[in-house]
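Survey of secondary and tertiary structure
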Amino acid sequence: MVIFLNSQPLKAQPIGIFDSGVGGLTVAHAIKQILPGESLIYFGDTAHLPYGDKSAESIKQYSRKITEFLLERDAKVVLVACNSASASAFDTLKEEYSDRTILIDVIDPVVSYLATRNYSRIGVIGTKRTISSGTYEAKILKNTPGTSVVSLATPLLVPMIEEGFIFDDISNAIIRVYLSDPSLRGIEALILGCTHYPIIRNQISKIFNFSVDIVDSARIVAETLRQTLEQNNLLSTGKKVNDQFFISDYTTYFVKIARMFFEGEIDLRKADIWS
Ligand code: DGL
């Protein structure tokens, strides 16, 4: 259970983060850079990957269970480091868990960031679930009326990345086919509306000859987390404990990517939360 002190979680408690797989590691990595004193508990729901093809109801169910898992491990914040879950389950999580923890998603911070820029035409790529939800488009138009937003589902990118096809001919061909879509012509910025995509950020940028701003949520969300902790007087001040990584099914590639982001040995365990 979360330990409350004067109805507030304690500074030393860890940041809980979840995604369907390795994608949320891009956010976790940015958090380590901006907030090196914070301890992390990461959950990658590799047993249900990809979330982007699942129904909103299933994603809500997974998200609830993972939130419970992170709260049992005293997470002072639960960060939904997955766009598909942010689009489908974040409102439900807020309704059900706001009295027990602080919840942060990956879409709202990006939408707020865009309001500080002057883009007139923005592209969004993401999973089928994220794109069909229309969440980015609706929130951007509400926050920055008059912006033209074009959305494109790029469902092969997550399985491609999870299978380790990232800097090769296969990935280059898939990325090129998707991003040559005529709807993306004339965009000034492209939102990477899936936390897996920063892993292939350079290849994406190259397709546009580096002339389109690539909006990657990782740093923006880590900065939102920093501000939220500061406002709630929850920045860790004590001794940092080791980060913990949990996955619901073992995949070799998760280990490889996690080591790439978090250099050296990581504390990775399988958590059987679905049986
Ligand atoms: N990283 C998740 C997201 O941001 C991946 C979704 C998936 O598993 O399809 O949407």
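Each chain has its residues counted from 1, running along the sequence as written. Local features are withheld for residues below a pLDDT of 70 in this predicted model, meaning they are given only at 70 or higher, and side-chain atom pairs are given and counted only at 80 or more; totals for whole chains, interfaces and linings count all residues. Water and hydrogen atoms play no part in the side-chain values, which are based on all heavy atoms of the structure.

This part covers the packing of helix α1 (residues 24-34) against helix α10 (residues 217-231). Convention adopted: a line fitted to C-alpha atoms gives each axis, helices being fitted over their contacting stretch, and angles between N-to-C directions are expressed from 0 to 180 degrees. To qualify as a helix, a DSSP run of H or I must reach at least 4 residues; to qualify as a strand, a run of E must reach at least 2; elements of each kind are numbered from the N terminus. Where α1 meets α10, the closest approach of the two axes is 8 Å, and the angle between their N-to-C directions is 50 degrees. Classified by the angle their axes make, α1 and α10 are oblique. Relative to α10, α1 is oriented so that their crossing is right-handed. For the pair formed by α1 and α10, the contact residues are T26, V27, A30, I31, Q33 and I34 on the first element and A218, R219, V221, A222, E223, L225 and R226 on the second. The cut-offs work like this: below 35 degrees is roughly parallel, past 145 is roughly antiparallel, 65 to 115 is roughly perpendicular, and the gaps in between are oblique. Helix crossings are classified by the rotation of the near helix relative to the far one: an anticlockwise turn of less than a right angle makes the crossing left-handed, while a clockwise turn makes it right-handed. The contact criterion used is simple: two residues touch if any of their non-hydrogen atoms lie within 4.5 Å.

It is worth spelling out the site of the ligand at this point. It suffices for a single heavy atom of a residue to lie within 4 Å of a molecule or strand for the residue to be listed as near it. Taken together, the neighbourhood of the ligand is formed by 14 residues, with S20, Y51, N83, S84 and T195 sitting nearest. Between the ligand and G52, the relevant distance is 2.8 Å, taken from an oxygen atom to a main-chain nitrogen or oxygen of the residue. Spatially, the ligand is embedded in the largest cavity. All residues other than Ala, Val, Leu, Ile, Met, Phe, Trp, Tyr, Cys, Pro, Asp, Glu, Lys and Arg, Gly among them, are scored as polar; the first ten of these are nonpolar and the last four charged. Of the residues that constitute the shell around the ligand, the class distribution is six nonpolar, seven polar and one charged. In the analysis that follows, any N or O atom pair within 3.5 Å is treated as a polar contact, provided that within protein one partner can donate a hydrogen and the other can accept it, and provided that, for residues neighboring in sequence, both atoms belong to side chains. A pocket, in this scheme, is an open set of points on a 1 Å grid over the protein atoms alone with protein on both sides within 12 Å along at least 5 of 7 lines, while a cavity is a set where a 1.4 Å probe fits but cannot get out; residues line either one if an atom lies within 4 Å of a point. Here the criterion for a molecule occupying a pocket or cavity is that more than half of its atoms lie within 2 Å of the pocket grid points.

Take the pattern of salt bridges next. Salt bridges are defined by distance alone: a side-chain nitrogen of Lys or Arg within 4 Å of a carboxyl oxygen of Asp or Glu. By the definition in use, this model includes 13 salt bridges. Between R100 and E68 there is a salt bridge whose closest N-O contact spans 3.9 Å. In this pair, R100 is assigned in the loop between α3 (83-97) and β6 (102-104) and E68 in helix α2 (residues 56-72), connecting sequence segments 32 residues apart. Buried means the residue's accessible area, taken with a 1.4 Å probe over protein chains only, is under 20% of the maximum for its type, while exposed means over 50%, and partly exposed covers the values in between. E68 sits in the partly exposed class, given a relative accessible area of 29%. Put simply, D213 and R117 hold a salt bridge, and the shortest N to O gap is 3.6 Å. Of this pair, D213 sits in strand β10 (residues 213-216) while R117 sits in the loop between α4 (108-114) and β7 (121-126), placing them 96 residues apart in sequence. On the accessibility criterion, D213 (34% relative accessible area) is partly exposed.

Looking now at the pairing of β7. On any regular strand, side chains alternate: one points to one face of the sheet, the next to the other face. Buried residues dominate β7, accounting for five of its six residues. With six bridges connecting them, β7 and strand β8 (residues 148-153) associate as parallel partners. Residue G126 lies in a different strand from β8, and its bridge partner there is A153. The sheet contact formed by β7 and strand β9 (residues 189-193) spans five bridges and is parallel. Residue pairing in the sheet places I122 in a bridge with A189 of β9. Strand pairing is assigned whenever DSSP identifies at least 2 bridges connecting the two strands.

The values reported here are purely geometric and, on their own, carry no functional implication.
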